[in-house]
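Observations on chain architecture
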Amino acid sequence: MSSTLIVLNLKTYLEGTGEGAVKVAQACKEVADDSGIEIGVAPQFCDIYRVASQVDLPVYAQSLDPVGAGSFTGHAFVQSIKDAGAVGTLINHSECRLTLANIDASITTARNAALKTIVCTNNVATSAAAAALGPDYVAVEPPELIGSGIPVSKADPGVVTGSVDAVKRINPAVQVLCGAGISKGEDLAAALELGSVGVLLASGIVKAADPKAALEDLVSKV
Ligand SMILES: O=C(CO)COP(=O)(O)O
């Protein structure tokens, strides 16, 4: 049985020295504890250490680079991400797209460091391709719905069910998340109904006047 997972992507919504990220992460932790649903957070690289050391919840990087230690200026080094306290990473988010070869290399790099991998995809075909690479999760997010407030689970249920079917066919060990426009309890309930095991979301929570109340609503129908 797969358990529900919510991952909140903070993107670059929050300025400052990480206190905003810690506050949102704290809200995630409280709602996770109250609801029994796993909630992770993906802050900016520079906030991973602060969030992970101050809040006891799963922290994800927003991406990483498939490089080792050495002459790799400007790259996100997996060991530093892990040492900062991350337990996993997003890969190939629509706002940070990679080539297929680099998705594959990023998965291998993360897996060798025992980090969980969530590969983002934009349609059923890319979900199928991502599943063939064997990440822990594929997260399908139609780019046109990202940040729109229109939930993928209602606006494009077919991309979720199609991804679930394709991923199951290609690699049944890979689990499917969906995202884009998700913010309410009914959106998460619909996402689970469609066969995904959870959601990847951002603006509906991060930009809410009261992120904790928004998170409470999100888990209210599960
Ligand atoms: O890109 C997303 C999460 O990674 C989805 O963003 P929104 O929840 O803002 O639509």
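Here the residue index of a chain counts from 1 through its sequence in written order. Two thresholds apply to this predicted model, a pLDDT of at least 70 for residue-level local features and 80 or more for giving and counting side-chain atom pairs, whereas whole-chain, interface and lining totals are computed over all residues. Neither water nor hydrogens contribute to the side-chain values; these are computed over all heavy atoms in the structure.

1. Things to note about the sheet that holds strand E8 (residues 198–201)
Backbone hydrogen bonds are what pair the strands of a sheet, in a parallel or an antiparallel way. Pairing between strands is defined by DSSP: at least two bridges between them are needed. Helix and strand definitions here come from DSSP, where helices need a minimum of 4 consecutive H or I residues and strands a minimum of 2 consecutive E residues; each element is numbered from the N-terminal end. Across the sheet, which stays open at both edges, the 8 strands sit in the order E2-E1-E8-E7-E6-E5-E4-E3 with parallel pairing between neighbours. Lying at the two open borders of the sheet, with one neighbouring strand each, are strand E2 (38–42) and strand E3 (60–61). Two elements, strand E5 (residues 116–121) and strand E6 (residues 137–140), share 4 bridges in a ladder whose sense is parallel. Bridge assignment links Cys 120 to a residue of E6, and that residue is Ala 139.

2. What about the UniProt feature "active site" (unreviewed entry) in the protein?
UniProt positions are given in the numbering used here, feature names are shortened, and annotations may be inferred rather than shown by experiment. Sequence positions flagged by UniProt for "active site" (unreviewed entry) are, in local numbering, His 93 and Glu 141. Taking the farthest pair of C-alpha atoms as the criterion, the annotated set spanning 49 residues converges on one region, since that pair is 8.6 Å apart. Owing to a relative accessible area of 3%, His 93 belongs among the buried residues under this scheme. Excluding anything up to four places from it in sequence, His 93 contacts Asn 9, Lys 11, Cys 120, Glu 141 and Ile 146. Within the secondary structure, Glu 141 is located in the loop between E6 and helix H6 (152–155). Of the residues examined, Glu 141 reaches a relative accessible area of 4% and is grouped as buried. Remark: exposure states derive from per-residue accessible area (1.4 Å probe, protein chains only) relative to the maximum for the residue type, with buried under 20%, exposed over 50%, and partly exposed in between. By definition in these notes, contact holds between two residues if any of their heavy atoms fall within 4.5 Å.

3. Some points on the environment of Gly 20
Mapping Gly 20 onto the fold places it in helix H1 (residues 19–35). Sequence separation between Gly 20 and Leu 10 is 10 residues, and the spatial gap between their C-alpha atoms is 9.9 Å.

4. Examining the site of the ligand
If you check the shell around the ligand, you find 13 residues, and the closest are Lys 11, His 93, Gly 147, Gly 181 and Ser 203. Residue Lys 11 places a side-chain N or O atom 2.8 Å away from an oxygen atom belonging to the ligand. Within the side chain of Ser 203, a nitrogen or oxygen atom sits 2.5 Å from an oxygen atom of the ligand. Using a 1.4 Å probe, the Shrake-Rupley method yields the accessible areas, and only the shown protein chains count as cover for residues. For the ligand, whose free accessible area comes to 300 Å², the fraction covered by protein is 100%. It suffices for a single heavy atom of a residue to lie within 4 Å of a molecule or strand for the residue to be listed as near it. Distance and chemistry together define a polar contact, namely a pair of N or O atoms within 3.5 Å, with one atom able to donate a hydrogen and the other to accept it when in protein, and with adjacent residues in sequence counting only for side-chain atoms on both sides.

5. Describing the UniProt feature "binding site: substrate" (unreviewed entry) in the protein
Taken from the UniProt record, the annotation "binding site: substrate" (unreviewed entry) applies to Asn 9, Leu 10, Lys 11, Ile 146, Gly 181, Ala 202 and Ser 203. Over a stretch of 195 residues, the named residues converge on one spot in the fold, their C-alpha atoms separated by at most 14.4 Å. Considering the arrangement of structural elements, one finds Ala 202 in the loop between E8 and helix H9 (203–206). Take Ala 202: its relative accessible area is 9%, and that puts it in the buried class. With sequence-adjacent residues up to four places away left out, Ala 202 is seen in contact with Leu 8, Asn 9, Lys 11 and Tyr 13. The residue Ser 203 is located in helix H9 in this model. When near neighbours in sequence (up to four residues on either side) are disregarded, Ser 203 contacts Tyr 13, Gly 147 and Ala 208.

6. Quick look at H1
Every helix has an expected span of 1.5 Å times one less than the residues it contains. Over its 17 residues, H1 runs 24 Å from end to end, which matches the ideal 24 Å to within 8%, given 1.5 Å per residue. Along H1, the residues that are buried comprise Ala 21, Val 22, Val 24, Ala 25, Ala 27, Cys 28, Lys 29, Val 31 and Ala 32. Packed against the buried residues of H1 are strand E1 (5–9), E2, helix H2 (45–54) and helix H10 (211–218). Positive backbone phi, at 80°, marks Gly 36, one or two positions downstream of H1.

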